[in-house]
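Survey of secondary and tertiary structure
In case you want the letters, here they are:
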2 protein chains.
Amino acid sequence: MTFEVPASFISFKSRFGAAIALNIQGGVNPTHWTTEQAPEPHDVYWPFFSVTFINRWISKLVAFVACNALTILFLIPVALVQGLTHLDQLEIMFPSLRSILRMAVVSQVITGYLPIQILQVFLTFVPPIMIMLSSLQGYISWSQIQKSACSKVLRFTIWNLFFANVLSGSALYRLTIFLEPKEFPRVLAEAVPAQASFFIAYVVAFGWTTIASELFQLIPLFYNYINRCFCGVSDNDFEAPSLPYHSEIPRILFFGLLGVTYFILAPLILPFLLVYFCLGYIIYRNQLLNVYVPKYQTGGEFWPTVHTSTIFSLVLMQIIVIGIFGLKKLPLGSALTLPLPILTLLFNEYCQKRFFPIFKAYPAECLIKKDREDQNNPSMSEFYDKLANAYNDPALMPIKYSGLFGSRRLPLLDSSEV
Amino acid sequence: MTFEVPASFISFKSRFGAAIALNIQGGVNPTHWTTEQAPEPHDVYWPFFSVTFINRWISKLVAFVACNALTILFLIPVALVQGLTHLDQLEIMFPSLRSILRMAVVSQVITGYLPIQILQVFLTFVPPIMIMLSSLQGYISWSQIQKSACSKVLRFTIWNLFFANVLSGSALYRLTIFLEPKEFPRVLAEAVPAQASFFIAYVVAFGWTTIASELFQLIPLFYNYINRCFCGVSDNDFEAPSLPYHSEIPRILFFGLLGVTYFILAPLILPFLLVYFCLGYIIYRNQLLNVYVPKYQTGGEFWPTVHTSTIFSLVLMQIIVIGIFGLKKLPLGSALTLPLPILTLLFNEYCQKRFFPIFKAYPAECLIKKDREDQNNPSMSEFYDKLANAYNDPALMPIKYSGLFGSRRLPLLDSSEV
């Protein structure tokens, strides 16, 4: 009553042994035996546990295409929103509304608040969709899915909130400039300052409110309340939420991008951002310490995303500055600013070489040190006993199969072997 | 009388042990302990043997800048050559030469043969310069230097022979199209067919002659003759030449590029190329078997360069075809060709995943198999004895230092340890 699964968890006597299996290509065909670090037991995402390399590659491709299609389709609500900020166009389209639109309150609500709210409603759907796409991509752990969704949401936010707003807002559909890199600094230098007021309003209307609503946790509260009243779930079943990194990190990074790109063009945005970041520090510190229960150890793996996003913001700001010096007919200024993005990219390159390997694999020095500590640790045999039953595919749980597959959960090799 | 060298050769009991040290990051700082596979003893390039990571990184950067500067400066001879192929411009510049220039023989020589010869004279300086730049880049073996110079020469050739000729020839200084990717297919579709006759002449005048002169080995013959007559070097001192991969591979790949890009625009180039490749096969086969003595085992490491160049040629051809369908007002044709470059790039991506790891490190399967074979091999102890004195820095040779440093050539660890 056994059947084969083309994937398995393997435990090693030492961390160093595991690192060897992880870092050295096993078979002659690099796509046959692929090794990955095992996630924490409760972090495993089982549906893609035993897919082949090629299946994974294809699903990655499909997710990539779907993600790009979503990004392009999202231009429709953005164009809608930007139509609202240009009231004069709306007046031409609906002449009968002119008298209403000319009222100060109405025009302020429509141009200042409504666009951001509409955009926000559409944006709330993005993180769950990206999580769905990432989960189709063949990752075997929730942490990897969330990390991948985080960078997807970040790219989506920067493209659809920053570039689409900037470029469609100031002169509708200038998106073709991405096909003409030479024009890039000039067009950005024209378009970015024109959207300063929109982004200041965005920081206040969206940044401040989300950070405040973060404190109240309205949705979990409401959900819990309904559960208790109608479903008869007791207080003990309440599961503490975990921080949704994939939606929070891109949002904070996006405000960082706004700060870096606008501080030279519209310094008025800075006090608003300062308030946002101060509030954010206080509130998230409280949430992380007292509210959220982490589902897995991130191990600082989100840092490369933050680093890349910061470098991108800096380079973007420097390109905009070059464009502005060009517009102001200061070619010397442009020429002197030109080394800045090059130096930033060189710094990035250096960081990639110096710090990025730490995020990919642990160095042998640390592994061997830890292994030696473990050798003298009397509780290790207990740990190995636990390890044998730590990873259980929910599809093979004894509850469902009435104990028939109980023996499958024992390791293939006895733990005394390597 | 000892001093420290911040680099060393380490021998391992097993191939697998060496692979572990190679593939797993040793220290916490990834730039402190860097490991590389040791080259063959006579392949070591000593000057950069003990440079630090940062020094290497900086020299790589300097070489990159110098290489790009050379590529840009080389546009001057190319423009000169292309001026010659447009005789009418020359007539305007030197009206007194008009009668001579109008002679059929003169104009044929000037437009057909002279440009290629001038270009060729300049091109012969490129491989030695690239070898010099690569040797400054911090590689520790000649094979790595030659591999790096090979891809440098290849990029240089494609840029300065193909793109510069195509774009400057048909309408001087259209090089700015690289800043406008949208225009790329259209401009190429206009410019590439116009240069077909130049490249056919190039294949005959340059391709055929180099392949023939390859057979005669005139320069080594002459050099050897002078040495024997005037320097009194005997026949026994004659060192067999090794194949200069860094100049031969880019040349053959460039002819491949010409074939792939022109077969649809000017099929007349194909018979000339066919003759070139047939001659090349016969002659290089003879040269490799009977004339050249390889200085090191390439281990097929030039293959990724060949693969990348072929993929590049294919994508370039497909872009040109899209442009031509656009020019001929066949938007359906353009649209249907569009998936082709995408599929080619996907194929490339797949090959990168499937085959490229083989060029980076040997799989554990092969290493362990070889190790087990060695365990039963009685000649291994002899091999270890030889190994101890295989690597000798010429700067520390006993001839120069009168035996004082003889002890330095013994390994730091006894070979019985790991």
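Quick notes on the rules
Residues numbered from 1 in each chain as written. Chains lettered and ligands numbered in written order. Predicted model: local features only at pLDDT ≥ 70, side-chain atom pairs only at ≥ 80, totals over all residues. Heavy atoms only, no water. Helix = DSSP H or I, 4+ residues; strand = E, 2+ residues; numbered from the N terminus. Buried < 20%, exposed > 50% of the residue type's maximum accessible area, 1.4 Å probe, protein only. Contact = heavy atoms within 4.5 Å. Areas by Shrake-Rupley, 256 points an atom, 1.4 Å probe, with all protein chains shown as cover. Disulfide = S-S within 2.5 Å. Buried area = accessible area lost by both parts, 1.4 Å probe. Salt bridge = Lys/Arg side-chain N within 4 Å of Asp/Glu carboxyl O. Polar contact = N/O pair within 3.5 Å; in protein donor to acceptor, adjacent residues only side chain to side chain. Nonpolar A, V, L, I, M, F, W, Y, C, P; charged D, E, K, R; others polar. Phe/Tyr/Trp six-rings, centres within 6.5 Å; stacked < 30°, edge-to-face > 60°. Lys NZ or Arg CZ within 6 Å of the ring centre and 35° of its normal. Least-squares fit on C-alpha atoms with pLDDT ≥ 70 in both. Expected span 1.5 Å × (residues − 1). Arc of directions from axis to C-beta. Axes fitted to C-alpha atoms, helices over the stretch in contact; angles between N-to-C directions. UniProt positions renumbered as here; feature names shortened; annotations may be inferred. Core = buried A, V, L, I, M, F, W, Y, C linked by side-chain atoms within 4.5 Å. Parallel < 35°, antiparallel > 145°, perpendicular 65-115°, else oblique. pLDDT = per-residue confidence, 0-100. Patch = residues over 30% accessible without salt bridge, like charges linked within 9 Å, V, L, I, M, F, W, Y side chains within 5 Å.

Within chain A one finds 20 helices and zero strands. For chain A, buried positions account for 39% of its 418 residues. If you take every contact in chain A between residues at least 6 apart in sequence, the share linking residues at least 24 apart comes to 77%. Of the roughly 24100 Å² that chain A leaves accessible, carbon and sulfur atoms contribute 68%.

Take the state of the cysteines next. Here, the word disulfide means a covalent bond between the sulfur atoms of two cysteines. All names here are of chain A. According to the stated counting rule, one finds zero disulfides over all chains in the structure shown. No disulfide involves Cys-67; its sulfur sits 13 Å from that of Cys-150, the nearest cysteine. Take Cys-67: its relative accessible area is 7%, and that puts it in the buried class.

Our next topic: the interface of chain B and chain A. Contacts between chain B and chain A engage 33 residues on the former and 33 residues on the latter. Between chain B and chain A lies a buried interface of about 3000 Å² when both sides are counted; carbon and sulfur atoms form 72% of it. When the buried area of chain B at its contact with chain A is split by residue, Ile-24, Trp-57 and Lys-182 of chain B rank highest and sum to 19% of it. Summed over the shared surface of chain B and chain A, the number is zero salt bridges. Run the count over chain B and chain A and you get eight residue pairs in polar contact (both at pLDDT 80 or more). Listed by contribution, the elements that provide at least two residues to the side of chain B that touches chain A are helix H1 (15–23), helix H2 (53–73), helix H16 (339–354), helix H17 (356–360) and helix H18 (364–375) of chain B. Considering each element in turn, the side of chain B that touches chain A owes the most residues, five residues, to H16 of chain B. Within the side of chain B that touches chain A, the residues separate by chemical class into 21 nonpolar, six polar and six charged.

The subject of this paragraph is the packing of aromatic side chains. Think of a pair of aromatic rings as described by two things: how far the centres are apart, and how the planes are tilted against each other in angle. This model, assessed by the stated rule, comprises 51 aromatic pairs over all chains. Sitting over the face of the ring of Tyr-384 of chain A, Lys-13 of chain A holds its NZ or CZ atom 5.1 Å from the ring centroid.

Below, the discussion takes up the relation of the copies chain B and chain A. Overlaying chain B on chain A yields an RMSD of 0.1 Å, the required transformation being a rotation through 180 degrees with an accompanying axial translation of 0.1 Å. Look at the turn and shift together and you get a two-fold axis relating the two. Comparing interface residues between copies, 100% of those in chain B also sit at the interface in chain A, which points to an isologous, same-surface contact.

Residues and elements named next belong to chain B. Across its 21 residues, H2 extends 30 Å between first and last C-alpha, which sits within 8% of the 30 Å expected from 1.5 Å per residue. Listing the buried residues of H2 in full gives Trp-57, Ser-59, Ala-63, Cys-67 and Thr-71. An end-on view of H2 places all buried positions within 165 degrees of arc, on one side of the element. For H2, exposure combined with an orientation more than 90 degrees from the buried face picks out Val-62, Val-65, Ile-72 and Leu-73.

Here we come to the packing of H1 of chain B against H18 of chain B. Residue and element names in this part refer to chain B. Close contact between H1 and H18 brings their axes to 8 Å; oriented N to C, the two are set at 145 degrees. Two secondary-structure elements touch here, H1 through Arg-15, Phe-16 and Ala-19 and H18 through Ala-364, Leu-367, Ile-368, Lys-370, Asp-371 and Asp-374. Residues belonging to the contact of H1 with H18 are distributed by class as follows: five nonpolar, no polar and four charged.

All names here are of chain A. Here, the residues flagged by UniProt with the feature "transmembrane region" (unreviewed entry) are residues 57–80, 122–142, 154–176, 196–216, 252–284 and 304–327. Strand forms 0% of residues 57–80 and helix 96%; the C-alpha atoms that close the span are 36 Å apart. A helix fraction of 82% and a strand fraction of 0% characterise residues 252–284, whose end C-alpha atoms lie 11 Å from each other.

Right, let's talk about the nonpolar core for a bit. Grouped together as the largest cluster of nonpolar side chains are 65 residues, with contacts concentrated most on Phe-162, Val-166, Leu-188, Phe-199, Tyr-202, Leu-258 and Tyr-262 of chain B. If you tally residues by element for this core, the top one is helix H8 (residues 142–170) of chain B, at 13 residues. Setting aside chain neighbours within four positions, we find Phe-162 of chain B in contact with Thr-157, Val-192, Phe-199, Phe-254, Leu-257, Leu-258, Thr-261, Tyr-262 and Leu-316 of chain B. In terms of nonpolar packing, the next biggest core, distinct from the first, is built from 64 residues, Phe-48, Val-153, Phe-254 and Leu-316 of chain A among them.

On to the packing of helix H14 (residues 303–327) of chain A against helix H16 (residues 339–354) of chain A. Residue and element names in this part refer to chain A. Between H14 and H16, the shortest axis-to-axis distance is 9 Å and the interhelical angle comes to 170 degrees. Comparing their axes, H16 and H14 come out roughly antiparallel. On H16, the residues touching His-307, Ile-311, Leu-314, Val-315, Gln-318 and Ile-322 of H14 are Leu-340, Pro-341, Thr-344, Leu-345, Phe-347, Asn-348 and Cys-351.

This brings us to the confidence of the model for chain A. Caution applies to low-pLDDT parts of the model: their predicted coordinates are not meant to be read in detail. Residues and elements named next belong to chain A. Taken as a whole, chain A shows an average pLDDT of 81; of its residues, 85% reach a score of 70 or greater. This model gives residues 400–408 a pLDDT under 50, and the stretch forms ten contacts once residues within four places in sequence are excluded. Confidence drops under pLDDT 50 across residues 414–418; counting only partners more than four residues distant or on other chains, this segment forms four contacts. Scored as a whole, the predicted complex attains pTM 0.81, and scored at its interfaces, ipTM 0.76.

A word on a nonpolar patch on the surface. Residues and elements named next belong to chain A. Residues Leu-215, Phe-216, Leu-218, Ile-219 and Leu-221 make up a contiguous nonpolar surface patch of roughly 570 Å² in combined accessible area. Where the nonpolar patch is concerned, the elements lending two or more residues are helix H10 (196–216) and helix H11 (218–230). Here the nonpolar patch gets three residues from one element, more than from any other, and that element is H11. Its place among the elements puts Phe-216 in helix H10.

Next up on the list: the side chain of Gln-318 of chain B. Residue and element names in this part refer to chain B. Of note, Gln-318 is situated in helix H14 (residues 303–327). On the basis of relative accessibility, which here comes to 6%, the residue Gln-318 falls in the buried class. In terms of polar contacts, Gln-318 uses its side chain to reach the side chain of Thr-344, at 3.1 Å. With residues up to four places along the chain from it excluded, the contact list for Gln-318 reads Thr-337, Leu-340, Pro-341 and Thr-344.

All right, on to the pattern of salt bridges then. All names here are of chain B. Tallying each qualifying case throughout the model produces twelve salt bridges over all chains. The partner of Arg-251 in a salt bridge is Glu-248, with the nearest N and O atoms 3.6 Å apart. Pair noted here: Arg-251 and Glu-248 are both in helix H12 (residues 245–262), with a separation of three residues, about one helical turn. You can call Arg-251 buried: its relative accessible area is 19%.

Quick look at the environment of Gly-138 of chain B now. Residue and element names in this part refer to chain B. Locating Gly-138 in the fold gives a position in the loop between helix H7 (126–135) and H8. It is 41 Å that separates the C-alpha atoms of Gly-138 and Phe-272, two residues lying 134 residues apart in sequence. Once you skip the residues sitting within four places of it in the chain, Gly-138 turns out to touch Phe-48, Arg-56 and Ser-59.

Time to look at the environment of Ile-116 of chain A. All names here are of chain A. Considering the arrangement of structural elements, one finds Ile-116 in helix H6 (residues 104–124). In this structure Ile-116 comes out as buried when scored by relative accessible area, which is 0%. It is 7.4 Å that separates the C-alpha atoms of Ile-116 and Ala-205, two residues lying 89 residues apart in sequence. With near-sequence residues (within four places) excluded, Ile-116 lies in contact with Phe-198, Ala-201, Tyr-202, Ala-205 and Phe-206.

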